[in-house]
Amino acid sequence: MIDGPYFVLTLLGVLGCGLVAGVFYGFSTFVMRGLAELPPAQGVAAMKSINVVALRPAFMLAFIGSALLCATVAMVTFVLLPDEGTVELLLGSALYLFGCFGVTIAANVPRNDAPAKMDPGSPEATAYWPTYVREWTMWNHIRTAAAAAASIAYVLALA
């Protein structure tokens, strides 16, 4: 069984990945649906505001902190090669780093950049809004599943 500081790192990985998965799950299940129900100008304005607020320490600590934690767990796992949990630890780290953090950087952030440059009431924003909601939410589903699966993999490594 994993023990000592390595246990604590893995347990924090479970918590961090699960917390991020929960935030993204909330967006997938009701936040984006609620924003999509608004007139486009209001939806764009609200999402622009959300994207600014999301960059504050409360969320960024969990999001980036979990990425750093997962990278640390992966490196320690490669060095120690524990008798038990190696596959689960490496899988959990990869799921979060690539499926959650990587997808955020490659898919969600670029989609956030486009409406950030638009006037919410412009015809351009109105035309783009349905595409934005559909594509952003699809990628958010992927990163939600990846973060949740990472948390589960870490739990399995502790079992």
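Quick caveat: nothing in here was measured; it's all calculated off a predicted structure.

A. Seen up close, helix α1 (residues 4-37). When the terminal C-alpha atoms of α1 are compared, their 49 Å separation across 34 residues agrees well with the 50 Å that a helix rising 1.5 Å per residue should span. Along its length, α1 shows its largest kink, about 45°, at S28.

B. Focus on the environment of L158. Of note, L158 is situated in helix α5 (residues 123-158). Separated by 44 residues in the primary sequence, L158 and A114 place their C-alpha atoms 42 Å from one another. Ignoring anything within four residues of it in the chain, the contact list for L158 reads M1, I2, F7, T10, L11 and V14.

C. Spotlight on the side chain of S151. Within the fold, S151 resides in helix α5. By relative accessible area, S151 is classed as buried at 10%. Of the polar contacts made by the side chain of S151, one reaches the backbone oxygen of V14; its length is 3.0 Å.

D. Structural context of the nonpolar core. Ranked by size, the top nonpolar core spans 22 residues in total, and within it V20, F63, L89, Y96, C100 and Y154 carry the most contacts. Elements with a minimum of two residues in this core: α1, α3 (57-80), α4 (86-116) and α5. Dropping the residues within four chain positions of it, Y154 is found in contact with T10, G13, V14, C17, C70, V73, E88, L89, G92 and S93. Counting 11 residues, the second largest nonpolar core, distinct from the first, contains F27, V44, Y132 and W136.

E. Spatial organisation of the packing of aromatic side chains. As enumerated under the stated definition, the model contains 7 aromatic pairs in all. A ring pair is formed by F59 and F63, whose centres lie 5.5 Å apart and whose planes are at 15°; its orientation type is stacked. Pair noted here: F59 and F63 are both in helix α3, with a separation of 4 residues, about one helical turn. For the pair formed by F59 and F63, the shared burial category is buried. Connected via pairs of aromatic rings, a cluster forms that spans F24, F59, F63 and F101. Between the NZ or CZ atom of R143 and the centre of the ring of F24, over which it lies, the distance is 3.7 Å.

F. Representation of the environment of I142. One can find I142 in helix α5. Along the chain, I142 and I2 lie 140 residues apart, while their C-alpha atoms are 29 Å from each other. If we skip the residues at most four places from it in the chain, I142 touches G99 and V103.

G. Highlighting the pattern of salt bridges. Within the structure shown, the criterion is met by 1 salt bridge. Close ionic contact of R111 with E135 constitutes a salt bridge, the shortest N to O distance being 3.2 Å. With R111 in helix α4 and E135 in helix α5, this pair connects stretches of sequence that are 24 residues apart. When its relative accessible area of 26% is taken as the criterion, E135 is described as partly exposed.

H. The arrangement of the packing of α1 against α3 in detail. Where α1 meets α3, the axes come as close as 9 Å, and the angle between the chain directions of the two elements is 140°. When the interaxial angle is binned, α1 and α3 end up oblique. Between α1 and α3 lies a crossing whose hand is left-handed. Where α1 approaches α3, its residues Y6, L9, L12, G13, G16, C17, L19, V20, V23 and F24 are matched on the opposing element by F59, A62, F63, S66, L69, C70, T72, V73, V76, T77 and L80. Taken together, the residues of the contact of α1 with α3 break down into 16 nonpolar, 5 polar and no charged.

Reading the values: rules and limits
Residues numbered from 1 in each chain as written. Predicted model: local features only at pLDDT ≥ 70, side-chain atom pairs only at ≥ 80, totals over all residues. Heavy atoms only, no water. Helix = DSSP H or I, 4+ residues; strand = E, 2+ residues; numbered from the N terminus. Expected span 1.5 Å × (residues − 1). Bend = angle between axes of the 7 residues up to and from the residue. Contact = heavy atoms within 4.5 Å. Buried < 20%, exposed > 50% of the residue type's maximum accessible area, 1.4 Å probe, protein only. Polar contact = N/O pair within 3.5 Å; in protein donor to acceptor, adjacent residues only side chain to side chain. Core = buried A, V, L, I, M, F, W, Y, C linked by side-chain atoms within 4.5 Å. Phe/Tyr/Trp six-rings, centres within 6.5 Å; stacked < 30°, edge-to-face > 60°. Lys NZ or Arg CZ within 6 Å of the ring centre and 35° of its normal. Salt bridge = Lys/Arg side-chain N within 4 Å of Asp/Glu carboxyl O. Axes fitted to C-alpha atoms, helices over the stretch in contact; angles between N-to-C directions. Parallel < 35°, antiparallel > 145°, perpendicular 65-115°, else oblique. Left-handed = near helix turned anticlockwise from the far one by under 90°. Nonpolar A, V, L, I, M, F, W, Y, C, P; charged D, E, K, R; others polar.

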